[in-house]
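So you can see what is in the structure, the chains are spelled out below.
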Amino acid sequence: MNKNKIIEAFGLLDEKFVEEANPENAKKMHRLRKRLILRFSALAACFCFVLALSARLVGTLFHLPVPTYENAVYSAEYIGGLFDIKNDYATSSYQTFCLPPKYSPCLKPFPQEQYFSIYNASDTKKWLSRIEFSAFADPIISRFASAAGEEAFEYYVSKSSRGYLNIELKKIKKYFLNASQNEYYNYIIFTSSRHENPEMTITLDGTKITADQTKTDEEILASFEKTKESLFRIFGKEFKNAKIIREYDEYSSHGVTFLRIYFYNENEHELNSILETPVSDHICISFDNSLNWNGDIVSDNILSVADVYYRQNRTKAQNTITETKKLKAISLADAEALLYKGYVFGGHSCPICMAQQNKVDFHSYDFVGFTYLNGYDENGKATEYFPFYEFCKKIGTANNGNTIYARTYVPAIELYGYEEYFKGLESEHK
């Protein structure tokens, strides 16, 4: 498959796969999907440490029975089916991630709430509209060409084999560009033609898009003020909030493998402050610092291999992911009891891979935090979003010196049928 076809394909993916399949989020095969925010805040790290320490003391001093909930609305089996967890049992159900030794997994602090919202991704489909799509893409492509010093792009709108509207380029010089529309959102991405010219860096209004990974998040964002103004003008949308996500692996000796900068409005949806990727409209600049082929560019400091995309929901985020109910939260002590019993969920990952992992004893976990995870239907569309405790434990040191953590999840709301469900999984493994 040639590069133009690859870029075209990125714009056609369903919502489930967009964040994984786009070039800005490309990962090596050994890396599992990550659906939560990691922040490098010393204050949050202290909070997580104190909370985890107190919880470990309680678990050590007392035997914690498996909690039961008479008024629970959902069952453990329902949650297991939602996340396609068919072969998980006990603490082989976990994911791993890496951080440099100087960093801690500063997770979202657990809210002091008695009830948590459950969200449903409504099926708010809209008919495809060439008029709407052209109104979205045409001015963006024109303004990008002007800012990038590119000749005007020649393109036409076609319908893909999957029924989506798609921009097909007839003429391109320095940049690849793809735009698409499906039933839920409009999407456009551009990247430099770095296969032909590895030194090519996206340049807007005379400013190269680069980031110094040795700087703090605040310093990086400050350096992007001019680029931010260019992007807001190109995409015709301004955002008030920004955040940086850094990813590391077990092999790279060049620091981050990916660094992503999001521009968005946090107040457009409650989940924006919790999830890594905003659910509302947003711009993302993604730097790829992985060695994907011989001659690929990697750096210990200045990152220059970037993709930029803009996603525009066709319906407001508040109407596409709606609160359906509020359910009673469980305590940390209850979550620990479930954790120590092995009644946990590993998240969105291959259940066969999880079943093959070594068991991890989470009794001495290092950190605990809070996040939301969502399931998917048979068509790859997000369904319900549920709150979870997230437990993390150091399990080793990678070849590159990074610390390896295991993480697993316990639902933060009351469920029924824990013992029946997990004993059923245990008997299947036997």
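Every chain begins its residue count from 1, and numbering advances along the sequence as written. The predicted origin of the model limits local features to residues at a pLDDT of at least 70 and limits the giving and counting of side-chain atom pairs to 80 or more, whereas totals for whole chains, interfaces and linings rest on all residues. Water and hydrogen atoms play no part in the side-chain values, which are based on all heavy atoms of the structure.

Digging into the overall build of the protein
Moving on, step 1. Labels follow the DSSP assignment, with helices taken as runs of H or I lasting at least four residues and strands as runs of E lasting at least two, numbered in each case from the N terminus. Counting its secondary structure elements, the protein contains 11 helices and 20 strands.
Moving on, step 2. Under the convention used here, a 1.4 Å probe and the Shrake-Rupley method define accessible areas, while residue burial counts only the protein chains that appear. Accessible surface, the protein as shown: approximately 19,100 Å² in total, 51% of it carbon and sulfur.

Structural notes on the packing of helix α5 (residues 130-148) against helix α7 (residues 225-235)
Moving on, step 1. Contact geometry of α5 with α7 gives a least axis separation of 8 Å together with a crossing angle of 145 degrees. Contacts between α5 and α7 pair Ile140, Arg143, Phe144 and Ala147 from the former with Arg233, Ile234 and Phe235 from the latter.
Moving on, step 2. We call Asp, Glu, Lys and Arg charged. Ala, Val, Leu, Ile, Met, Phe, Trp, Tyr, Cys and Pro are nonpolar, and the rest, Gly among them, are polar. Residue classes in the contact of α5 with α7 are distributed as five nonpolar, no polar and two charged. Lines fitted to C-alpha atoms define the axes, with helix axes restricted to the stretch in contact, and inter-axis angles between N-to-C directions lie between 0 and 180 degrees. In what follows, residue pairs with any heavy atoms lying within 4.5 Å of each other are defined as contacts.

With respect to the pattern of salt bridges
Moving on, step 1. Definition used for salt bridges: Asp or Glu carboxyl oxygen within 4 Å of a side-chain nitrogen of Lys or Arg. For the structure on display, the rule yields 10 salt bridges.
Moving on, step 2. Asp217 serves as the salt-bridge partner of Arg246, at 2.7 Å between the closest nitrogen and oxygen. Taken together, the residues Arg246 in strand β11 (residues 241-247) and Asp217 in helix α6 (residues 217-223) connect sequence positions 29 residues apart. Across the pair, Asp217 and Arg246 agree in class, each one buried.
Moving on, step 3. Glu323 serves as the salt-bridge partner of Lys326, at 3.8 Å between the closest nitrogen and oxygen.
Moving on, step 4. Each residue's exposure class comes from its accessible area (1.4 Å probe, protein chains only) as a fraction of the maximum for that residue type: buried when under 20%, exposed when over 50%, partly exposed otherwise. When its relative accessible area of 49% is taken as the criterion, Lys326 is described as partly exposed.
Moving on, step 5. A relative accessible area of 43% means that Glu323 is categorised as partly exposed.
Moving on, step 6. One salt-bridge network, in which partners are shared between bridges, spans Glu247, Arg260 and Glu276.

Thoughts on the pairing of strand β18 (residues 382-397)
The two faces of a sheet get side chains in turn, since along a regular strand they alternate between them.
Moving on, step 1. Counting buried residues along β18, 12 of its 16 residues qualify, which places the element largely inside the surrounding structure.
Moving on, step 2. A pair of strands is considered paired only if DSSP assigns at least 2 bridges between the two. Relative to β18, strand β3 (residues 115-121) runs antiparallel, the two sharing two bridges. In the strand pairing of β18, Tyr119 is matched with Tyr385.
Moving on, step 3. Sheet topology note: the strand β17 (residues 367-376)/β18 ladder contains nine bridges and is antiparallel. Considered in β18, the bridge of Leu373 is made with Phe386.
Moving on, step 4. Pairing between β18 and strand β19 (residues 403-411): nine bridges, direction antiparallel. Opposite Lys393, over in β19, you have Ala406 as the bridge partner.

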